[in-house]
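Coordinate analysis (summary)
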Amino acid sequence: DSGVTQTPKHLITATGQRVTLRCSPRSGDLSVYWYQQSLDQGLQFLIQYYNGEERAKGNILERFSAQQFPDLHSELNLSSLELGDSALYFCASSVGLTGLTEAFFGQGTRLTVV
Amino acid sequence: AQSVTQLDSHVSVSEGTPVLLRCNYSSSYSPSLFWYVQHPNKGLQLLLKYTSAATLVKGINGFEAEFKKSETSFHLTKPSAHMSDAAEYFCVVSGPRGSYIPTFGRGTSLIVHP
C-alpha cells in the first residue's frame, strides 16, 4: 500500500459528461501529480500541485482542470468527455518539490467513456 | 529539458536467467533516476532510485541498476528472473531543480517463460 488513495477505482460515463477524480496523498506529502496512462500515449504528466498551488503543467487539455485543497487532497475534473479520454488516471504524491524524492502512486482510476 | 528512452518495448526471458532492461536518459541537470514496476491492474511501485550517491543502486526483489554518466544510461538488471517479475517496468528521470517533474519512459514489458 503506497498510502495514496484514489477514488473511484472505476468510472464509466457517456461522451459529453463531466467527472471528478479524487486523490488523497500520503500523510505529510505536499506535492501531488496527475498522470494519464493510455495504450498509445504511455504515461503522460498532466499537472502538479504543491501545497495548494499549481506548480507545473504538462499535456493537460483545456477541458481538464485540477485543484488541491487546504487539506492537500486533490481533484481532477474532466469535462466534455470524448471517447479518447478513456484511460487510467494516476495520482502520485511526494514530500517535496524537487526530484530528489520518489513519487508514490495510487492504484489509479480507470475511466471508460462510452 | 529532460527525457528518457527505454530501448526495448518487450523483453522475454526464461525463469532463472538474467534480466536486462535498458534505459537511456537526457537531462540538463544532474538527474535523479528511478525504476518503477507496474503489475497488471495495479499502481506503480518504486523499485529503486539514484540521487547522486552510489552509482550502483540496489532495489527491492533483487533488482539493481547502475548509473553511467558517460553513457547516459541507467539499465535495470536482475541475476535470475522469477515468474512474479513479469510486469511493465518504467524508467523515470527527474531533476534536483528546474525540471523536477518525473518524466516516464514508454515502458518495457518483461515476459518470463517457465
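All values reported here derive from a predicted model rather than from experimental measurement.

**Details of the sheet that holds strand S8 (residues 74–78) of chain A**
Residue and element names in this part refer to chain A. If you trace the 4 strands from one edge of the open sheet to the other, you get S1-S3-S8-S7, paired in antiparallel fashion. The sheet is open, and its two edges are formed by strand S1 (5–7) and strand S7 (64–68), each paired on a single side. The sheet shows a mean angle of 15° between the axes of neighbouring strands, direction not considered. Note that S1 and strand S3 (residues 19–24) share 3 bridges and pair antiparallel. Its bridge partner being in S3, Thr-7 is matched across the sheet by Arg-22.

**Re the interface of chain B and chain A**
Across the contact, 20 residues belong to chain B and 25 residues belong to chain A. In total, chain B and chain A occlude about 1,800 Å² of area from one another, counting both sides; carbon and sulfur atoms represent 56% of this. Summed over the shared surface of chain B and chain A, the result is 0 salt bridges. Scanning the region where chain B abuts chain A turns up 4 residue pairs in polar contact (both at pLDDT 80 or more). The set of elements that each furnish at least two residues to the side of chain B that touches chain A consists of strand S5 (32–38), strand S6 (44–50) and strand S10 (87–94) of chain B. Residue contributions to the side of chain B that touches chain A peak at 4 residues, all from S5(B). The residue makeup of the side of chain B that touches chain A, split by class, is 10 nonpolar, 7 polar and 3 charged.

**Points about the state of the cysteines**
In total, this model carries 2 disulfides over all chains according to the counting rule given. The disulfide partner of Cys23(A) is Cys91(A), and the S-S distance across this bridge is 1.8 Å. An S-S torsion of about -50° defines the bridge between Cys23(A) and Cys91(A) as left-handed. Remark: Cys91(A) occurs in strand S9 (residues 87–94) and Cys23(A) occurs in strand S3; sequence separation between them is 68 residues. Here Cys23(A) matches Cys91(A) in class, with each residue buried. Disulfide pairing places Cys23(B) opposite Cys91(B) at an S-S distance of 2.0 Å. Between Cys23(B) and Cys91(B) the sulfur-sulfur dihedral comes to about -65°; the bridge is accordingly left-handed. Here Cys23(B), found in strand S4 (residues 23–27), pairs with Cys91(B), found in strand S10; they are 68 residues apart in sequence, far enough to count as distant.

**Topic: the packing of aromatic side chains**
Residues and elements named next belong to chain B. Applying the stated criterion across every chain, the model contains 14 aromatic pairs over all chains. Seen in terms of ring centroids, Tyr-50 and Phe-74 are 6.3 Å apart; in terms of plane orientation they differ by 50°. Their pairing is tilted. Here Tyr-50 is found in strand S6, whereas its partner Phe-74 is found in strand S9 (residues 73–78), with 24 residues between them in sequence. For Tyr-50, a relative accessible area of 7% puts it in the buried group. We classify Phe-74 as buried; its relative accessible area is 0%. Relative to Phe-104, the ring of Phe-90 lies with its centre 6.0 Å away and its plane at 75°, an arrangement referred to as edge-to-face.

How each quantity is defined
Residues numbered from 1 in each chain as written. Chains lettered and ligands numbered in written order. Predicted model: local features only at pLDDT ≥ 70, side-chain atom pairs only at ≥ 80, totals over all residues. Heavy atoms only, no water. Pairing = 2+ DSSP bridges. Helix = DSSP H or I, 4+ residues; strand = E, 2+ residues; numbered from the N terminus. Axes fitted to C-alpha atoms, helices over the stretch in contact; angles between N-to-C directions. Contact = heavy atoms within 4.5 Å. Buried area = accessible area lost by both parts, 1.4 Å probe. Salt bridge = Lys/Arg side-chain N within 4 Å of Asp/Glu carboxyl O. Polar contact = N/O pair within 3.5 Å; in protein donor to acceptor, adjacent residues only side chain to side chain. Nonpolar A, V, L, I, M, F, W, Y, C, P; charged D, E, K, R; others polar. Disulfide = S-S within 2.5 Å. Buried < 20%, exposed > 50% of the residue type's maximum accessible area, 1.4 Å probe, protein only. Phe/Tyr/Trp six-rings, centres within 6.5 Å; stacked < 30°, edge-to-face > 60°.

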